[in-house]
Amino acid sequence: MQLRYSFRLYPSAGQRSALSRAFGCARVVYNDALRARETARAAGLPFIPSGELSKQLTASKKTPGRAWLAEVSSVVLQQSLRDLDTAYKNFFDGLRGKRPKTGPPRFKSHKDTRQSVRFTANAGWKITTGGKLRLPKVGDLAVKWSRSLPSTPSTVTVVKDSAGRYFASFVVETGPEETLPETTPEVGIDLGLKHFAVLSDGTKIDSPRFLRRAEKRLNKAQRALSRKEKGSKNRDKARIRVARAHARVADARREFHHRLSTRLIRENQAVAVEDLAVKGLARTRLAKSVHDAGWSAFVSMLEYKAARYGRTLIRIGRFEPTSQVCSQCGVQDGPKPLHIRVWTCSACGAVLDRDINAAVNVAKAAGLAVSACGAQVRPGLVPAPRSEAGTHPTPQPSTAR
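A brief report on the enclosed structure follows. This structure is a prediction, so every number in the text was calculated from the model and none was measured. (Residues numbered from 1 in each chain as written. Predicted model: local features only at pLDDT ≥ 70, side-chain atom pairs only at ≥ 80, totals over all residues. Heavy atoms only, no water.)

Brief notes about the overall build of the protein
Part 1 of the argument: A count of helical and extended segments in the protein gives 10 helices and 15 strands.
Part 2 of the argument: Relative to the globule expectation of 21 Å for 401 residues, the C-alpha radius of gyration of the protein, 29 Å, shows a markedly less compact shape.
Part 3 of the argument: A principal-axis box enclosing the C-alpha atoms of the protein has dimensions of 120 × 55 × 50 Å.
Part 4 of the argument: Residues classed as buried in the protein amount to 40% of the 401 residues present. (Helix = DSSP H or I, 4+ residues; strand = E, 2+ residues; numbered from the N terminus. Rg over C-alpha atoms; globule rule 2.2 N^0.38 Å. Buried < 20%, exposed > 50% of the residue type's maximum accessible area, 1.4 Å probe, protein only.)

In structure tokens:
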């Protein structure tokens, strides 16, 4: 499978200028191609193919108004046209129902805080013996190598994020040699807010709540930004401080997701999760907490790591009544408000922890061999049949001894 490895870049002042020029040229080429296609559509003309757009790009570089496009690598410009093709393909596939619907391609703005350019193998980029990333018409960039690449990368994308940081994202191919040896445990996961994840074996993993903990610092930075005059240098500096504060929160959350997902995939042969309606929950009063948890990103990590290491990930339907069914006897006891965390089954009398019970039901719905004993907090009293308890409505004759 294909994976992305990202590393921090530290370009010099001249290299930052060269990268800024590459970002701008790629944006102009993208907008020119999009404008040409939209103009043709408005005039009722056929869809302009990529080959024709490439010819128009080559011709425009010879004109005085677009001569500066030759100052950057031609591969960067061609990849910008490929990005436009991908945007159109995603839009049309959404209309056909092949993928979730997306809007039509939009023009890029020079005010966008995130910029990127992509270099393929034919661009002539390489990693030097000194560990630097050599890019055409940019130079040798210093890279912070946090780990080694498993194979030779095919492409590299240079990204500048909202906080002004630069990253190199390499695409590499991984083979079956990374498959982990088989193991016995199988686990179901119930994702929540109070506890980020509750496992079917009874383990509870607290939610770090990175955004909630950083709210005071974020609010202070945002208030400072709102006081700055629009268009001023001080406002731009304040915007970067806000972006860096948010980046620290996002980085911490991503690190937590990576560590937990890797641990679960390595320790279990099969993992079952519930397909939550995150978009719907994000429109409720719990929206901030739902976004802070980042369930979708976590499940996506579980999915690709399971495929990478030879594990099994099973998603069960979001309408499965995992919180209503007793994991001991299987009787559905009806919906319960969120404030009820422990409940007693009316059929078998088992006292159940809501989250652990749901995790066990998630595993059972996925067909995993898990024990339901972890869902029981303490043994409950089994109610006696009515014929064996209480007083009788009429006096019963006593037996003489």
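So that's the structure; there's more coming.
Digging into the packing of aromatic side chains
Part 1 of the argument: The full count for this structure, using the stated rule, is 11 aromatic pairs.
Part 2 of the argument: On the numbers, 4.8 Å between centres and 55 degrees between planes, the contact of phenylalanine 7 with tryptophan 145 is tilted. Of this pair, phenylalanine 7 sits in strand 1 (residues 2-10) while tryptophan 145 sits in the loop between strand 5 (139-144) and strand 6 (155-160), placing them 138 residues apart in sequence.
Part 3 of the argument: Among the residues examined, phenylalanine 7 registers a relative accessible area of 1% and is labelled buried.
Part 4 of the argument: For tryptophan 145, a relative accessible area of 30% gives the class partly exposed.
Part 5 of the argument: Pairwise contacts between aromatic rings join Phe7, Trp125, Trp145 and Phe170 into one cluster.
Part 6 of the argument: A cation over a ring is seen here: arginine 266 above tyrosine 309, with NZ or CZ 5.2 Å from the ring centre. (Phe/Tyr/Trp six-rings, centres within 6.5 Å; stacked < 30°, edge-to-face > 60°. Lys NZ or Arg CZ within 6 Å of the ring centre and 35° of its normal.)

Some details on the environment of serine 154
Part 1 of the argument: Along the chain, the position of serine 154 falls in the loop between strand 5 and strand 6.
Part 2 of the argument: Taking the C-alpha atoms as reference, serine 154 lies 6.2 Å from valine 172; in sequence the two are 18 residues apart.
Part 3 of the argument: The residues touching serine 154, leaving out its near neighbours within four places in the chain, are Thr120, Ala121, Trp125 and Val171. (Contact = heavy atoms within 4.5 Å.)

Observations regarding a positive patch on the surface
Part 1 of the argument: On the surface, Lys216, Lys220, Arg223 and Arg227 cluster together into a patch of positive charge.
Part 2 of the argument: Looking at the element boundaries, lysine 220 is found in helix 5 (residues 215-226).
Part 3 of the argument: Judged by relative accessible area, lysine 220 falls into the exposed class, the value being 60%. (Patch = residues over 30% accessible without salt bridge, like charges linked within 9 Å, V, L, I, M, F, W, Y side chains within 5 Å. Areas by Shrake-Rupley, 256 points an atom, 1.4 Å probe, with all protein chains shown as cover. Salt bridge = Lys/Arg side-chain N within 4 Å of Asp/Glu carboxyl O. Lys, Arg positive; Asp, Glu negative; His and termini not counted. Charge placed at Lys NZ, Arg CZ, Asp CG, Glu CD.)

Points about the pattern of salt bridges
Part 1 of the argument: Summed over all chains, the structure comprises 22 salt bridges.
Part 2 of the argument: The network of salt bridges with shared partners includes Asp161, Arg165, Asp251 and Arg254.

A few points about the nonpolar core
Part 1 of the argument: Formed by 42 residues in total, the largest nonpolar core has its most connected members in Phe119, Leu133 and Leu135.
Part 2 of the argument: It is helix 1 (residues 13-42) that contributes the most residues to this core, 12 residues altogether.
Part 3 of the argument: Those residues in contact with leucine 133, other than ones at most four positions away along the chain, are Leu9, Trp125, Lys126, Ile127, Gly139, Asp140, Leu141, Val143, Val156, Ala168 and Phe170.
Part 4 of the argument: One finds Phe210, Leu260, Leu264 and Leu302 within the second-largest nonpolar core, a separate group that totals 28 residues. (Core = buried A, V, L, I, M, F, W, Y, C linked by side-chain atoms within 4.5 Å.)

Observations concerning the sheet that holds strand 2 (residues 115-119)
Part 1 of the argument: Overall, antiparallel pairing links the seven strands, which are arranged 2-6-7-1-5-4-3 in an open sheet. If you trace the sheet from one side to the other, it starts and ends with strand 2 and strand 3 (126-127), each paired once.
Part 2 of the argument: Note: strand 2 against strand 6, five bridges, orientation antiparallel. Directly across from phenylalanine 119, in strand 6, lies its bridge partner valine 156.
Part 3 of the argument: Sitting on the sheet, helix 1 is in contact with strand 2, strand 5, strand 6 and strand 7 (166-173), with an inclination near 90 degrees to strand 2. (Pairing = 2+ DSSP bridges. Axes fitted to C-alpha atoms, helices over the stretch in contact; angles between N-to-C directions.)

Describing the pairing of strand 6
Part 1 of the argument: Counting buried positions along strand 6 yields five of six residues, so the element is predominantly enclosed.
Part 2 of the argument: In terms of strand pairing, strand 6 meets strand 7 through six bridges, oriented antiparallel. Within the sheet, the bridge partner assigned to valine 156 lies in strand 7 and is phenylalanine 170.
Part 3 of the argument: Between the end of strand 6 and the start of strand 7, which pair antiparallel, lie five residues, with glycine 164 showing a positive phi angle near 80 degrees.

Digging into the side chain of aspartate 355
Part 1 of the argument: Mapped onto the fold, aspartate 355 is located in helix 10 (residues 354-365).
Part 2 of the argument: Discounting residues that sit within four places of it in the chain, aspartate 355 has contacts with Asp190, His195, Val198 and Arg341.

What to know about the packing of helix 1 against helix 3 (residues 74-96)
Angle between the axes and distance between the axes are the two parameters that describe a pair of packed helices.
Part 1 of the argument: The contact between helix 1 and helix 3 brings their axes to 9 Å, and the two run at 45 degrees. It follows that helix 1 is oblique to helix 3 by the angle criterion. Relative to helix 3, the crossing made by helix 1 is right-handed. For the pair helix 1 and helix 3, the contacting residues are Ala22, Cys25, Ala26, Val29, Tyr30, Ala33, Leu34, Arg37 and Glu38 in the first and Val76, Leu77, Ser80, Leu81, Asp83, Leu84, Asp85, Ala87 and Tyr88 in the second.
Part 2 of the argument: In terms of residue class, the contact of helix 1 with helix 3 is built from 13 nonpolar, one polar and four charged. (Parallel < 35°, antiparallel > 145°, perpendicular 65-115°, else oblique. Left-handed = near helix turned anticlockwise from the far one by under 90°. Nonpolar A, V, L, I, M, F, W, Y, C, P; charged D, E, K, R; others polar.)

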